[in-house]
Each structure stands twice: as C-alpha cells, then as structure tokens.
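Below are the chains, spelled out letter by letter.
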Amino acid sequence: MIVLKTGKEIALMREAGRIAAQALMAGVQAVAPGKTTQEINRVIHDYITSHGAVPSFLGYGGFPAAACISINQEVIHGIPSKTRRIEEGDIVSIDVGAIYKGYHGDNAYTVGAGQISPEKQQLLDVTKKCLELGIEAAVPGNRLGDIGAAVQGYAESFGYGVVREYVGHGIGSEMHQEPEVPNYGRAGHGLRLAAGMTIAIEPMINLRGAGVRQLSDGWTVVTASGLPSAHFEHTVAITDNGPVILTRP
Ligand code: MG
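Please read all numbers here as calculations on a predicted model, not as lab measurements.

**Q** Describe in detail the nonpolar core, supporting the description with residues and values.
**A** The biggest cluster of nonpolar side chains holds 25 residues, and the ones touching the most others in it are Val31, Ile40, Ile44, Ile48, Val92, Ile94 and Val96. Mapped onto this core, the elements with two or more residues apiece are helix H1 (7–30), helix H2 (37–49), strand E2 (67–71) and strand E4 (91–100). Here this core gets seven residues from one element, more than from any other, and that element is H1. Setting aside anything within four residues of it in sequence, one finds Val96 in contact with Ala20, Ala23, Leu24, Ile44, Ile48, Phe57, Ala66, Ala67, Gly105, Asp106 and Asn107.

**Q** I'd like a description of the side chain of Asn72, backed by residues and values.
**A** Inspection of the secondary structure puts Asn72 in the loop between E2 and strand E3 (74–76). In this structure Asn72 comes out as buried when scored by relative accessible area, which is 14%. With residues near it in sequence (within four places) discarded, Asn72 still touches Gly89, Asp90, Ile91, Lys120, Pro228 and Ser229.

**Q** Describe the pattern of salt bridges, with residues and values.
**A** A complete count under the given rule lists four salt bridges for this structure. Residue Arg42 is joined to Asp46 by a salt bridge in which the shortest nitrogen-to-oxygen separation is 3.2 Å. Placement of the pair is Arg42 and Asp46 together in helix H2, with a separation of four residues, close to one helical turn. For Arg42, a relative accessible area of 41% translates into the label partly exposed. When its relative accessible area of 36% is taken as the criterion, Asp46 is described as partly exposed. Salt-bridge contacts for Glu156 lead to Arg164; the nearest nitrogen and oxygen are separated by 3.9 Å.

**Q** Quick rundown of the coordination of the magnesium ion? Include the residues and the values.
**A** Within the protein, the magnesium ion binds to Asp106 (OD), His169 (NE2), Glu202 (OE) and Glu233 (OE); these donor distances fall in the range 2.1 to 2.4 Å. Mapped onto the polypeptide sequence, the residues donating to the magnesium ion form the spacing pattern D-x62-H-x32-E-x30-E. Of this pair, His169 sits in strand E7 (residues 168–170) while Glu202 sits in the loop between strand E9 (198–201) and strand E10 (204–206); the two residues are 33 residues apart in sequence, bridging distant segments of the chain. Overall, the relative accessible area of 5% leaves His169 in the buried class. Judged by relative accessible area, Glu202 falls into the buried class, the value being 7%.

**Q** Requested: an account of the pairing of strand E14 (residues 234–239), with residues and values cited.
**A** A regular strand carries its side chains on alternate faces of the sheet. Burial analysis of E14 places six of its six residues in the buried class, the great majority of the element. Going residue by residue along E14, you find His234, Val236 and Ile238 tucked away on one face and Thr235, Ala237 and Thr239 tucked away on the opposite face as well. Of the strand pairs in this sheet, E9 and E14 are connected by four bridges, and their pairing is antiparallel. Residue pairing for E14: Ile201 is matched across the bridge by His234. Where E14 and strand E15 (residues 242–245) come together, four bridges link them in antiparallel fashion. Bridged to Thr239 within E15 is Gly242. Taken together, E14 and the strand that follows it, E15, pair antiparallel across an intervening segment of two residues.

**Q** Lay out unusual backbone geometry with the relevant residues and their values.
**A** Peptide bonds are mostly trans, and most non-glycine residues show a negative phi. The amide bond that connects Glu178 to the next residue, Pro179, takes the cis arrangement and shows omega of 0 degrees. Looking at the secondary structure, you find Pro179 in strand E8 (residues 177–181). Within the chain, Asn72 stands out as a residue other than glycine whose phi angle is a positive 55 degrees. The residue His77 is not glycine, and still its phi comes out positive at about 65 degrees.

**Q** Requested: an account of the packing of aromatic side chains, with residues and values cited.
**A** Within this structure, the stated rule accounts for four aromatic pairs. On the numbers, 5.0 Å between centres and 80 degrees between planes, the contact of Phe63 with Trp219 is edge-to-face. With Phe63 in the loop between strand E1 (54–55) and E2 and Trp219 in the loop between strand E11 (212–214) and strand E12 (221–223), this residue pair connects regions lying 156 residues apart in the sequence. Seen in terms of ring centroids, Phe158 and Tyr160 are 5.9 Å apart; in terms of plane orientation they differ by 20 degrees. Their pairing is stacked. Of the residues examined, Tyr160 reaches a relative accessible area of 5% and is grouped as buried. Taken together, the ring pairs connect Tyr154, Phe158 and Tyr160 into an aromatic cluster. The aromatic ring of Tyr184 is capped on one face by Arg164, whose charged end is 4.9 Å from the ring centroid.

The rules behind the values
- Residues numbered from 1 in each chain as written.
- Predicted model: local features only at pLDDT ≥ 70, side-chain atom pairs only at ≥ 80, totals over all residues.
- Heavy atoms only, no water.
- Core = buried A, V, L, I, M, F, W, Y, C linked by side-chain atoms within 4.5 Å.
- Buried < 20%, exposed > 50% of the residue type's maximum accessible area, 1.4 Å probe, protein only.
- Helix = DSSP H or I, 4+ residues; strand = E, 2+ residues; numbered from the N terminus.
- Contact = heavy atoms within 4.5 Å.
- Salt bridge = Lys/Arg side-chain N within 4 Å of Asp/Glu carboxyl O.
- Donors = N, O, S within 2.8 Å, 3.2 Å for Na, K, Ca; no water.
- Pairing = 2+ DSSP bridges.
- Phe/Tyr/Trp six-rings, centres within 6.5 Å; stacked < 30°, edge-to-face > 60°.
- Lys NZ or Arg CZ within 6 Å of the ring centre and 35° of its normal.

As structure tokens, then:
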C-alpha cells in the first residue's frame, strides 16, 4: 500500500531530512586520506543523536552503524570499520538516514578523497546529475517509469551501468515503504505519481556494467567488474507545486 502524507507529515519529514542531510554533510566533510570509515561513521552518529534524532540504519536488519560507507567498487551497504583507511584518490559513498518524531529522512552522497582521477570525477558528476533528472521527473501525473527512464537514459549515454538489484523506495514512518523506485524503466509506464507521495530516489551507477554481488559479510555490495560505482540519494516529496527535496541541509 502506498501511504500518501499530509502536509503536517511532510513538514516532520523535512525536519528528519534536514538532520539526515546535515549529518551526511558532516560525514562528507570529514572524508580525507588516512581516516578510517569508522571515524566518518562516528561523526555522523554523533550529529544525529545530538540533534534529537535516531540513526535509521543502526540496528536495521542487524546493521551495526549509523552510516553505510562504501569505497570505490563498493556500491552500497559498506560497513564502517576501524581498520579500513580511506586512501588518496578513493571515492567514498556515504548513505545516512535519521528518524525524527517518527519520520525518516534518507540520503546519500559520493565524495572524492584528495585528488581523484578524471574518470572517477565524471562518474560522480553524472550520477549526481542522474539524481537531479530523476527528481525533476517526480511530479504528479508522471509515472514511476519516467523517473527510471530519466536516470537510466542519462547514465547509459555515458556507457555506465545502472544497478538493477537495488532501488529507491517510498519512505515515511518507515524507512522502506512502497513503492519501489527503480533507476531504470520506460517513460510513461508504471505507477502514476500523486501529490503526497514521499520517495527516496537513489541512483547507483557503475563505471562499466550493471552487475553487482554481495560480499560474504552479508552487507557490502560490490560491482561485478571491480570498477568504481557512485551513489547519490535524496528524499523527495511529490507535491502539486513540483518535487520538494526533504533532505536539504
Ligand atoms: Mg534509501
């Protein structure tokens, strides 16, 4: 069932989204060569808990941290570690959710550590643009396929691979609600979008090939190619005045 949110609920989600966004930016700013992923997670965890919110991911399905931190060929769901050090030239994807007054905000960003290659920089730029294009398509009367087609069309025009196994999602009083929001699809097809829907749009784009696999830790998803992947996400409300990004710092 798709839950349409009232204006009051969306206002609460904006609060949750702001905390999630500021926590994410604190984590992004902490990324530097030599830091461990656990140090980045600590910054994020402390930001969320010191602002009256609860990390959405901590304990979710047994996940042990406030943030997923995924480096280079890791696509999503990387587990922060005291021994994993970020290196010069890495790209670091950080995914953060916060619960505030019963509502969730969920967002992700990929940042380079130090100087990164032009190839990686373009992957980041294109994936960020994919998110923007997906958000622009999130208007009443459009269909879910319009979001997916916008993301897929742009990513594939650069020869990149769009991850199929993991998708965006409805969000609200739970982190994952219906509908699923794929990053691929056909324009004009799928569920019709309506004002009051709140969704997390989150393109996961691989440098080459769409394939992914999960590591034996039960969480970390990596590219089948071993090549880098990027991930950007916002929580968005579909309104009669257009899409509203709820995860704004
Ligand atoms: Mg999400």
